[in-house]
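# Observations on the three-dimensional arrangement
What follows is each chain in one-letter form.
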Amino acid sequence: MRKRDHNVLTNAASLLICGLLAGVVVAAAAFPVVAMSGLAAKAGAQTFDALPKKMNEARSPQISYLLAADGKTPLATMYDENRRDVKLKDISPYMQKAIIAAEDHSFYKHNGVDFNGVARAFVNNSSKTSSRQGASTLTMQYVRLAISYSATHPADVVAATEDTSARKLREMSLALQVDKELSKDEILERYLNLAAFGNGAYGVYAASQVYFGKPPSKLDIQESALLAGLVKAPTAFDPTTASGYPEAVGRRDYVIDNMQLIKAITPEEATQAKKITLKVNHKRTPNGCVATNTQTWGFFCDYFYRWWLQQETFGSTTYDRERRLKSGGYTITTSLDVQAQKGADAAVRRHLSVNSKAARMLAVIEPGSGRVRALATNRNFKLDDPDNPQNRLSSNPKKAKRGIRGSYPNTVNPLMSGGGGYQAGSTFKIFTLVAALEKGYPLAYTINAQQQFRSEYPVEFNSPAACEGTSLYCPKNANPKMAGPHTMWSGFGFSVNTYFVALEQQVGAENVVKAAQKLGITFRNSDDALLAANAHTWGAFTLGVSQTTPLELANAYATLAADGKYCEPIPVQEIRGPDGKKLDIANPRCEQRISTQVARAAVDAARCPVGDNSSTSKCGSRTAGEVRGIVKAPVAGKSGTTDSDKTSALVAMTKQYAVAGILADPDWPQTNQKMGHKELDGINRPVQETLRDAMDGKERIEFTPPSGKIVLGDQRSIPGVKCESVETARSRLRGAGFEPTVSSSKVPSECPAGTAAGTSPDGKTIKGGVVTIEVSSGQPAPGGSPTPGTSLPPNGNGNGPGPGNGNGRWPRLPGN
């Protein structure tokens, strides 16, 4: 604490001097030409009793820091003014002495106003000398800065800095009061945190970083002197410019001499300090998402920024929220997983450059918390310079003809999390599966899926999506081998369109849409919103014709991996204010939206497409069966392709990460480019490799299999029909509550040719399930009896026109 040297005589003298000199001396110091004019007389008429004694102090703008999830890797900084307040104990003693030597030798002696200095300025400025002296103390300068930062109107800022006697008197009055209320060290600390040092540096912490790349506690004599010298005229003494460098050196040496004069350093130290060649970094602190510490992390940073602007906690308007972010001094630990993000960044660029029209867009989210762990695409997060553009002409021919440029290689569009979105194909079949499970249909529910399904959903008469000569929606499978009896496991694993449209029709398309909404799917354009409002007629919804984003899709699947707990996507895991206290807004926002058993059953089926199994699953063919072997962990997911391969998608997840990727042309959705899956430039590899890299070193956690009737349903015994006529067998099976079908091929059997050799399955199956009648060839199997009843859903690779899945090829209602 400071030593007070006030006494009655000193205070009385101060008041006397104020009364006598307040107008004339101050006016003379500031305006020597008019010292004896009416302006001085007017100023002298003011008394200190009429001047303000209290100052409204507002916290000065503080820089906010964004860190990765590890709490130490820098992500970005955001600020209106690059400032970070520090305690005086964290500022080099040299720096403390240097600012006193530069600005106010008597700082520790006067009472906020140096009346001797005021008198000297009056005498000097009244003489004919060309030099002019001021009389502002550090305390008065602090008052001026504090008033500026507490101003609520631009006019108040002008009033705080204008060269008038009234302003000088106000500063003197407030400085005297501040000196009574604060210790000298407190005033010095506040001043050093407020002062401007040039090159976007406000406060000594920012200045030491910008010019010397070190904290203020590490500043030496000559560095401290340089910074102290800057506050008088940061532009004129700018050491980073050719014209300012010699001026800065001269000013530095002047401060060093004054440090010796006030006995802050020895003559030897002063001589040695002045011999040091001045070297500065000239490294302005990066500001905003276009200047992230790692360039590819700009997309994640931008997602955070957009999220912040939506949070009412930080203000009632987006303007207020932005000001809080850029001036609130927050330390924000984001959810960005450095390991996952680096893996995603490398994967999306492998075999597909930033100059490609096609964009691989990936999102990684954590099940059970909603924390976004990575966002990546093969684009530069950068504003394209209109004066020297790098972006190619738009891939949209109409735009290209008008000279409009596309979004490659540079863009700041939220490709993974916002905008109009992209169709994700058969990844949407998961919503039909969830809706059916919620309605009581078990995983073992069987449908005899034909190559083409004649639905009851309306479409335009004789359109490509309609059965010939009708207005009924009639989707086909991508591969004829997909036809036949399927359960949810095999139908999902083989991506059988006609199974899922039929299932959607049974459970109601409106319930499928509701299931998607519960899992976080939104309808991003008016066409989709209109169809969703009349969802009972939206037959193509299950085939993924609605627009979505990689982030939205990843979170939908993550909800299932978290046993049905939906969590709002969130880019933060901790936010601390300038006081170090945590804010609750960073906490996960979760709720149970799907029952645990339904979620587990859906995941059980979703293990089939990506090459995994559980103790309950019965998969058959797989569309992306390589995922399990690459990730080397329990996985679930689904691939998807849209009409004419305009987009391709893959979701793959473990218990810890859900990764969704979409390959599309953001500039021209109706692209004539085919988006692949398993090709080197397809979508499968980056999704698989991102999940693999994210899981490196992580525990392998098993998905919990479902249990109870949701797996096999109500099992009924299948009547024996061996050697009966096909018609009799059909009648008996139908009477027992099953849906009979007849195999198109014959099997070896001792039964008469053309009669029933048995059924597939035999023994028991679900009530209402499909039972296939196997037809006898009339010839026993060589070497023993035939074994009818063992046939499985048809095998195949499921590739069809779109590599890897055979997904929704049929459009929405025409015109939508």
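Residues numbered from 1 in each chain as written. Predicted model: local features only at pLDDT ≥ 70, side-chain atom pairs only at ≥ 80, totals over all residues. Heavy atoms only, no water.

## Focus on the sheet that holds strand 22 (residues 756–760)
One open sheet holds the 3 strands; their spatial order is 21-24-22, and the pairing between them is mixed. If you trace the sheet from one side to the other, it starts and ends with strand 21 (739–747) and strand 22, each paired once. Averaged over neighbouring strand pairs, the angle between their axes works out to 30 degrees when direction is ignored. In the packing of helix 28 (residues 726–735) onto the sheet, the strands contacted are strand 21, strand 22 and strand 24 (770–776), and the crossing angle to strand 24 comes to about 165 degrees. (Pairing = 2+ DSSP bridges. Helix = DSSP H or I, 4+ residues; strand = E, 2+ residues; numbered from the N terminus. Axes fitted to C-alpha atoms, helices over the stretch in contact; angles between N-to-C directions. Contact = heavy atoms within 4.5 Å.)

## A closer look at the pairing of strand 17 (residues 636–641)
Most of strand 17 sits out of view: 6 of its 6 residues are buried. Residues of strand 17 alternate between two faces, with Ala 636, Lys 638 and Gly 640 on one and Gly 637, Ser 639 and Thr 641 on the opposite face, all of them buried. As paired elements, strand 17 and strand 18 (residues 648–653) share 6 bridges and run antiparallel to each other. Note that in strand 18 the partner of Gly 640 across the bridge is Ala 649. With antiparallel pairing between neighbouring strands as the criterion, strand 17 and strand 18 make up a hairpin whose turn holds 6 residues, including Ser 644 at a positive phi of roughly 60 degrees. (Buried < 20%, exposed > 50% of the residue type's maximum accessible area, 1.4 Å probe, protein only.)

## A look at the state of the cysteines
Summed over all chains, the structure comprises 5 disulfides. Between Cys 467 and Cys 474 runs a disulfide, and the two sulfur atoms are separated by 1.4 Å. Its S-S torsion of approximately -95 degrees makes the covalent link between Cys 467 and Cys 474 left-handed. The disulfide partner of Cys 567 is Cys 590, and the S-S distance across this bridge is 2.1 Å. (Disulfide = S-S within 2.5 Å.)

## Regarding the environment of Ala 478
With respect to the secondary-structure elements, Ala 478 resides in the loop between strand 11 (447–449) and strand 12 (484–486). The exposure class of Ala 478 is buried, given its relative accessible area of 18%. Residues Ala 478 and Gln 452 lie 26 residues apart in sequence; the distance between their C-alpha atoms is 9.9 Å.

## Concerning the sheet that holds strand 17
Strands pair in a sheet through their backbones, by hydrogen bonds, and they do so in one of two ways: parallel or antiparallel. Strand order in this open sheet of 5 strands is 7-6-19-18-17, and the pairing throughout is antiparallel. Strands at the two margins of the open sheet, each flanked by one partner only, are strand 7 (372–377) and strand 17. Strand-to-strand twist in this sheet, taken as the mean axis angle between neighbours without regard to direction, amounts to 5 degrees. Pairing between strand 6 (residues 359–365) and strand 19 (residues 658–664): 7 bridges, direction antiparallel. Bridge pairing in strand 19 links Ile 365 to Ala 658. Contacting strand 6, strand 7, strand 17, strand 18 and strand 19, helix 23 (residues 550–561) runs over the sheet at an angle of about 35 degrees to strand 6.

## Looking at the packing of aromatic side chains
Under the criterion given, the structure shown has 15 aromatic pairs. A ring pair is formed by Trp 308 and Phe 314, whose centres lie 3.7 Å apart and whose planes are at 5 degrees; its orientation type is stacked. Residue classification places Phe 314 among the buried positions, given a relative accessible area of 0%. One aromatic cluster is present, formed by Phe 304, Trp 307, Trp 308, Phe 314 and Tyr 330 through successive ring pairs. The ring of Tyr 319 carries the charged tip of Arg 323 above its face, separated from the ring centre by 5.0 Å. (Phe/Tyr/Trp six-rings, centres within 6.5 Å; stacked < 30°, edge-to-face > 60°. Lys NZ or Arg CZ within 6 Å of the ring centre and 35° of its normal.)

## Topic: the pattern of salt bridges
Pairing of side chains with opposite charge becomes possible as their charged atoms draw close. The full count for this structure, using the stated rule, is 31 salt bridges. Among the ionic pairs, Arg 373 bridges to Glu 366, the shortest N-O distance being 3.0 Å. What makes Glu 366 partly exposed here is its relative accessible area of 22%. Two residues, Glu 574 and Lys 582, come together in a salt bridge whose shortest N-O distance is 3.4 Å. What emerges from the salt-bridge pattern is a single network uniting Asp 80, Glu 322, Arg 323 and Lys 326. (Salt bridge = Lys/Arg side-chain N within 4 Å of Asp/Glu carboxyl O.)

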